[in-house]
Structure formats: C-alpha cells, structure tokens
Amino acid sequence: MSAEEAVGLAASSFGMKVSAFPLGSQQDCNFLLEGDGGPAGVLKIANPAFSRTEIEAQDAAAELVAAAGLRAGIATHGPVVVPVAGGSALVRVLRYLPGGTLTGAGYLAPRVVAELGAVTGRVSRALDGFDHPGLERVLQWDLRHADRLVRVLAEHVRDPGLRHRVTHAADRAWRSVEPLARELPVQAIHGDVTDDNVVCSVSGGLRTPDGVIDFGDLTSSWAVGELAVAITSVLRHAGAEPCSVLPAVRAFHAVRPLSAAEAAVLWPLVVLRAAVLVVSGEQQAVLDGGNEYVNGALEHERACFEAAVSVPAEVMTTLITNGVSFPRPPLCVSPGTAGVDLGRCVVLDLSVPSDAVDEGAWLTPGLADRLALAALDGGADAVVTRYGEARLDASRVLAEVSPATVATGIDLWLARPSGPGHADLRIVRPGGGLELTLSHPGPRLPARARVHVGVRVAGAPEVPPLVRPEYAAGWLALTADPGPLLGLPVSAVAGDGDLLARRAAAFADVQEHYYADPPRIERGWRQHLAGVDGRVYLDMVNNVAAIGHAHPRLEAAVARQLRRLNTNSRFHYAAVAEFAERLASLLPAPLDTVFLVNSGSEAVDLALRLAFVTTGRQDVVAVREAYHGWTYASDAVSTSTADNPEALTTRPGWVHTVDAPNAYRGRYRGDLASRYAVDAVALVDSLAAAGRPPAAFLAEPFYGNAGGMALPDGYLAAVYAEVRRHGGLAIADEIQVGYGRLGHWFWGFEQQGVVPDVVTVAKAMGNGHPLGAVITSRSVASRYRDAGYFFSSTGGSPVSCVAGLAVLDVIESEGLQANALSVGTYLKERLEELAGRHALIGAVHGAGLYLGVEFVRDRGTLEPAAEETMAICDRLLELGVIMQPTSDRMCVLKIKPPLCLDVAGADFFADALDRVLTEGW
Ligand code: PMP
C-alpha cells in the first residue's frame, strides 16, 4: 500500500486529516500518521493472514500492558475491514508513542539493557492470566515450535556453512530445552519485546525503555520465551556479547522471578530464537526479496546468532543461574582420588597483588615460564600455577575487550620427565563424572616445559586454559581444581566478597568512590591500573600519580628512608634542607622560602593564614567554580558546586567571589573575555572603598575546574596589580596545574606572565605520598611568627622529603614536562579532530596533559551534556579507560593522566572516545 492510499484510508475509515509515512514491518503494513499537531497515530493494516479474533486479542493485551503502567500502542480507532489487493484486511490506528525505540545497531548501556529486562518482566506480569481465543495460534515465533521451524526453513539459508551451524546449534539447544519443557509455565506473551518494539522516554539525553508497541506476535507460549526474545535482540548491538544481556535477566527476575527450570533453558532458547530469526529472515528474503526491512535485518539476525553461539550454553546458563540465585556448588575431584606426589613443589602466585608481578614484570611475555624455570633451577621438583586465579601475566595493556586472565586449570613444570613413580598424571582419575585433560599428548610429560592440567565435566565443551573474567564463573563451573590430583591443597583464590559493602559500612559515605560499580584496583604501573580480575585500564585521570604509578625510583627512595629514619622537621637532617632548596629553585625571585605540609588543603589554608597575618586583614577574593580544599579556610574559598551544591550560598562573609573567567561559556565569551579582569578589579576596588581591602586574591592560574582552560590574557596581571595596589597578596593555587603538567610551562602562572606572592603546591609533588608546600618570599613567611608557631608533625618528614626529591628527579631525568608537551599536543590534535566529527563535543580545552573535552547538547545554546558525560565515562571504563567528568556542569572530561602517557596511550584513549561517540553510550 502506498502512502497516498494510507492517507485516503485514514480519511475514509476514521475521518483523519493526516499525511502518512511508511514504517518498516516484516508482515504488516504500517504508516506514521502526521496531523497538524504532530504525530496522530500509527495506521496498521494487518496482514490478511491474521483474523479479527487475533487482532482483538492484541488490542486487549495492549490495554492490559497500559493498565500496568507501561506506555503501550493501544488502538484508538478501528479495527475496520477494508478491501486490499487480493482480499480484505483489518485496519486500525494505534496510539503513537514518542521517544523512539532502541532500534539500530548502537550501543546499549547496561542500564538500558536492564530496563529492557524490567519492561519485559512487567509485560510478562501484565499478561499473566490473560485468556482470549485469539491467543490460540500457531506462530513461527513461538519458541515451542522452534526446532521444527528451523528444520523446515533451514533449506532457505543460502550459505551451506551457516545452514549447518544453525541447524546444529538449534538441535543442541532443543535437546537442553525438551526435558524441561513440561516445567515451563505457559501464558500469554507479547512475543516480540525487542529493541525494535520498546519505546523510550528520553531524559538528560539518555533513553530509558518504558513502553511497548507491536502486539502482532501475541500468543500463548512459554513465559520465559518473552525474556529470551528480548535479550536476543540485545546481541546485535555494538559491543554486545552474551554477558551484556545479564542485566536484563536480573531485572526481569526482580519483576517476574524465573524458576530454576526457566533459568536453565533461557540460553538455549536464546540460541533457538537466534536460529529462528536467521532461517525466517532468509525465507522472507526469498519470498519478499524487495523488502528492504527484511534484507536489512538479515545481517543483524546473523550477528545475533553468532553472538548467541560464541560462548557455550553451559557457561551462559551458569552465569544466568548465578545471577538469579540458583548457584551450583563447585565441582571437586572425588575424595577417594589419590594424588600423585610432585615432590618439592613451588606454587606461583601470578595474581594482581602478587609481588612476582612487580615493576611491570607481567608485561614481558613468558613471566610464568621464567619464574618456573628459576624455581626448578633453585631445586624445586615441580612448579604449579593456581586454579581459578586471575593472572596478570595473561593480561594486556590498552585492550578494549577484557583479556582472558582467569585460569581454568593448573600449569605444571616438572624438573624431570614424568613416568612411573614420578608425577605420572596419566594414571590418575578424577572420579565423580570428571575427566582429566593434559595439554601434552605423549605418554610422558616432558621436563622443564609447561603442561596445562585441567579437570572438566566429562563431555563438557573444550575449556580454554584461560577465560575472560566476565565468563569465568560459567567456565569454572564446568571444571574442578586439579590441585588435589597433584597432591596440592585446593586453591584458595579468594573472591571479592562484599568489599564494597564493607567500605560503605565502615567508611563515611561522603567519601565517594568513582563509578556506581567500580572495578577493584589493586595495582598500578606507569599510566596503567590493574583490577583484581586482571583487566588493565588506561589511567587518564590521575594527575596525582604524575610520574606514573608504582615508580621504582620513588619506591626505593621511600623504602630506604623508612628503613633509616622518619621523624619530624624539628630534627636536623639533610633531606628537608635539600628538598626546600630544590623547591625554591623552581620558582622565580622573590619566592625563596618553603613551608612543608601534607596536602593541598593544608597548603591553601596556610597560604590564606599567611595573607591574613601579613596584611592584618580578613577578606579574600576568590574565583567562582573553583575547588581549593576541605579544611575550614580552603573550603570557605571553594565555590565549585560540583563538589558542594550549596557552595555559593554558604560562603562566610569574608569570602568575596568573582566570575569564573570562562571564555567558552561564561558571561563574557571569546574576545569579550578580557572583561572578566575589569569586573574583578572593580570588585577589589569596591571592597577597598568599603574599607575592607582584601588580604588576598586566590585563583588557580590555569582554570582547572573547566577542564584546563587558560585564563584570559592579562587576567592575572590586572587583578594581581589591583590587589597589590591595595596592599593584598596574590596567591596562585598550583596544586592541580603546576609541576610540569601544562607542558609549555612548569607553573601555571608562567602562562599568564606573572609572579604571585604565594604559591601552593601538592598532588604531583609526592606522586601520591601526602605532600604539600607553600612557597613564598622570606618577608611574607617571616610574618607568620606574628600569628604564633608553625609545626606539622609529618610535613617535611625525611620520608616526605625524599619522596618529593625522587619525584622531581624523575620529572627531570625522564623529561616528563617535555613529554606532557609532545604527547599532550598530539592528543589535543586528535581530540580536536574528533570535535570536527562529533557534534556533542563543544570544545577541547587545555594544554599539555591537562585537557578537557566539553560536551554540549547544542553548540549554539551550549546546554551542558552532563548525563551523557557520565554515561560516556561508564562506557569508556568498559573499553578499558579510566575517565571522569569535571566542571560545575559535570560535562567536561578531565584528561590529566600520569605525565608518562605515551602516544600509544593517547591514541588508545582518542580511539576509544571516537568509538563511544560513534556507537553511542
Ligand atoms: N587546590 C586545588 C586546585 C585542588 O584541585 C585540590 C584537590 N583537588 C586542592 C587544592 C586540595 O588538595 P588536597 O586534596 O591535597 O587537600
């Protein structure tokens, strides 16, 4: 039917004055009707194969789903019978639901997948108990007929290889379903709650499924089929793989609990659904070759099938049953089994926290072999690895997909070849329906070579020696620890337990953690962070770890000093003199005098107190949208609403703020940005005129909170001059932006061509060791005496000083400031190129390795894309990148990695961001 005919039909049958636009459908004919006030409904001309009773059942089901609180495509007009080519058809108008569907191949976040599962569960509950004669139909989509359907339609699959794999997989899946079929509850199901047929509400730029359309496949069938159909549709989306559907399963289960039998058949039903889609799509393509909707779907249907069979159903079933709380007990070799005696056996620990992987040892291939041979050389008879362990030596850096790290067996090295009387593994039998697998085929195991020893359920699919952490529970359930067969105790690889809950219970919750579901990070190396599951992330956020994580030189210096002396700076020792000299030498005259404290907050606090005692005044001018610390005084001058939503309304009376000089989105933009200085100068003047000239003006000399934006040219020069004219001090907070990160300049104030009176430093100074400093002139420093006595128990301790010296040594010897300039400049260019292709990027800010990518919903209005930014950070984590939002609008990626970031890392980050912006978040 043409669009013109649809317009005529809507007018003649329902009196609607509309235009019509065709919508895709596999079997019906659908048009979007547009009236003067926007969408007026969906004209649905049912395939004449469907009876009036069926259509009435569908409309009744839609009403039930709507009554359950979901948006549903209920009928607003009709049905009426109209003549169509070759007979008559039932026509009606369904309510149009705005917001769009999840159709297409874009990425679906776990949150969205979970919501799809919850919607599916609600549909299932709404239809439970619904009875109607129109439900009694034989549909090809009814999974109760899937085996027959695949057999009958398989001949249409043109590619013989695909045909074979589809029929084989369907047969196998059916054999898992059939024995449980009687236990599967049957009820009315929508039968097609898929990405194409859920509608979404859109809020904050993010989609949330909250409604259902297209009840055309309504039938009576296995209730669990509703979920199988929904999760199969997830598999065709960018980045999706079998484990991506688990949030939907858990969410469905929370709404409509699955029985043990339903959980057991779910993945086989996914395989059957995918097989049905492939054979039906191929058949439809033969029947209706010109239907673009059908042809376009073929590729997606194949993608679903390939994903569904990419992991053995047994593995997925364990993950599903674990997720819905029917965990199986672990398998064990039978207690009666006698092990072989390996003699003196060394057990290698290759886990993330293990000392054996220190100093990047895991990055050189062959670590396990090296360690094993060294142990054999040291006199061991045998060396083994641990079952179930996530091995860091198996991991990789810069991996968008998690590498296979979890051991499903044990690697074994023998000092002598095995044989009768020595490690004769071939004669052991694990018992209990388990079988032993050895990677070495011959009758004797060789000496000094790695042999993989596994124990798996007899007849189970082949188990890889290492599997990805997401699937580990599923694979491990097919295996047992071979340890007892080797005379070893059962491997004690501990799970995570409830560590996050323990943290929540014992740690003040205002001390938040990154990510709703954070990886547990237990190791860092250079610009990389490793989770306990062996996944390695590129750390793009840790400005504190300026010289890189776990730097051996810093570790050695601190360890050595801890062994020798750690005391307070009232004692006389070399390190404090050397470090103070060294810091002072980094600053221009007259900044030659150093205070050592333990943090940035303390440094800012102390800087303010110096200003108070030096000037005898109490008022301070600070820049809005900045963060300076948590202590009383540093918090008082902090007005970033990202850190404290009440910040602006709760300032004490002595704090006066000026506009954040944001040339991109503030009051003055572009060329007008010079006016920020005019306003700030005016405020200083007005304070002075009111008899309250400020003690200090405090600012980050490079605008950190906005993602590293340079202040307008001449800004600090003008404001410093005015503050000084009235006798106040200029304080530069270099805690984030100083210390070489900006590449071009060691200190942010250099960019502005000024010299402050007081500089605060922390963060990078200790590379994570608590270290802060205030550097000022001798005359200002000496005024502190007027306020009393200064002492910090650990500020300037020997350990802190050697840490600070080691960090400076590394920055210099490894050329990290120059690296920040070259890699940072390269990265900025790559990000700017992305900005040319992705409308969400409003601007790329920053210099060196202090960069910010600002996301906006509209480049004209600059509406901040905050929710999108958080979602993008979550997706980047999945792709192996640690990134967090910043700015008061939380719409800027704060890019401030360790200064040792290399070009490969910069490319990895830019590629991952490109991928997220392309595929969705
Ligand atoms: N000033 C600035 C600019 C900062 O970014 C921070 C920390 N985010 C601080 C001061 C406070 O430093 P600390 O957390 O070491 O107390």
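Participant: Residue-level account of the pattern of salt bridges, with values.
Facilitator: Tallied over the full model, the rule gives 52 salt bridges. Of the charged contacts, one joins R386 and D349 as a salt bridge, the two residues approaching to 3.2 Å between their closest N and O atoms. Taken together, the residues span a long stretch of sequence, with R386 in the loop between β12 (382-384) and β13 (406-407) and D349 in the loop between β11 (345-347) and α11 (367-377) at a distance of 37 residues. Judged by relative accessible area, which is 22%, R386 ranks as partly exposed. Across the pair R386 and E389 runs a salt bridge whose closest N-O atoms are separated by 2.6 Å. Overall, E389 belongs to the buried group, its relative accessible area being 1%. A single salt-bridge network, built from bridges that share partners, covers D369, R391, D393, D411 and R450.

Participant: I'd like a description of the sheet that holds strand β9 (residues 206-212), backed by residues and values.
Facilitator: If you walk across this open sheet you meet the three strands as β4-β9-β8, and the pairing is mixed. The open sheet has two free edges, formed respectively by β4 (71-72) and β8 (198-203), since each of these has just one partner strand. Relative to β9, β8 is paired through six bridges, and the arrangement is antiparallel. Bridged to V199 within β9 is G211.

Participant: How would you sum up the site of the ligand? Please name residues and give values.
Facilitator: By nearness alone, every residue bordering the ligand is listed as S599, G600, S601, Y627, H628, G629, E700, D733, I735, Q736 and K763. Contacts to the ligand include Y627, whose backbone N or O atom sits 3.5 Å from a nitrogen atom. In this structure, a nitrogen atom belonging to the ligand sits 2.6 Å away from a side-chain N or O atom of D733. Surface burial for the ligand is 82%, taken as the share of its 390 Å² of free accessible area covered by protein chains. Classifying every residue of the shell around the ligand gives two nonpolar, six polar and three charged.

Participant: Now, about the nonpolar core: what can you tell me, with residues and values included?
Facilitator: One finds F697, Y715, Y739 and F909 to be the most contacted residues of the largest nonpolar core, which totals 98 residues. At 10 residues, the largest contribution of residues to this core is made by helix α22 (residues 798-813). Taken domain by domain, this core gets at least three of its residues from each of domain 4 (600-761) and domain 5 (816-919). Aside from chain neighbours lying at most four places away, what touches Y739 is F579, L583, F746, W747, V761, A764, M765, V807, L808, I811 and L899. Grouped together as the second largest cluster of nonpolar side chains are 92 residues, L102, L162, C243 and A307 included.

The rules behind the values
- Every chain is numbered on its own, with residues counted from 1 as its sequence reads.
- Totals for whole chains, interfaces and linings use all residues, but because this is a predicted model, local features are given only for residues with pLDDT of at least 70 and pairs of side-chain atoms are given and counted only at 80 or more.
- Side-chain measures were taken over the full set of non-hydrogen atoms in the model, leaving aside hydrogen atoms and water.
- The rule for a salt bridge is simple: a side-chain nitrogen of Lys or Arg has to be within 4 Å of a carboxyl oxygen of Asp or Glu.
- Numbered from the N terminus, helices here are DSSP runs of H or I no shorter than four residues, and strands are runs of E no shorter than two.
- Partly exposed residues are those whose accessible area sits between 20% and 50% of the maximum for their type, while under 20% is buried and over 50% is exposed, using a 1.4 Å probe and protein chains only.
- Two strands qualify as a pair provided DSSP detects at least 2 bridges between them.
- Here a residue counts as near a molecule or strand whenever at least one of its heavy atoms sits within 4 Å of it.
- Pairs of N or O atoms within 3.5 Å make up the polar contacts considered here, provided that, within protein, one atom can donate a hydrogen while the other can accept it, and that residues adjacent in sequence are counted only when both atoms are side-chain atoms.
- Here the Shrake-Rupley method, with its probe set to 1.4 Å, supplies the accessible areas, and only the displayed protein chains count as covering residues.
- Any residue outside Ala, Val, Leu, Ile, Met, Phe, Trp, Tyr, Cys, Pro, Asp, Glu, Lys and Arg is labelled polar, Gly included; the first ten of those are nonpolar and the last four are charged.
- Only buried Ala, Val, Leu, Ile, Met, Phe, Trp, Tyr and Cys residues count toward a nonpolar core, and they belong to the same one when joined by side-chain atoms within 4.5 Å.
- What marks off one domain from the next here is an automatic or database domain assignment.
- The contact criterion used is simple: two residues touch if any of their non-hydrogen atoms lie within 4.5 Å.

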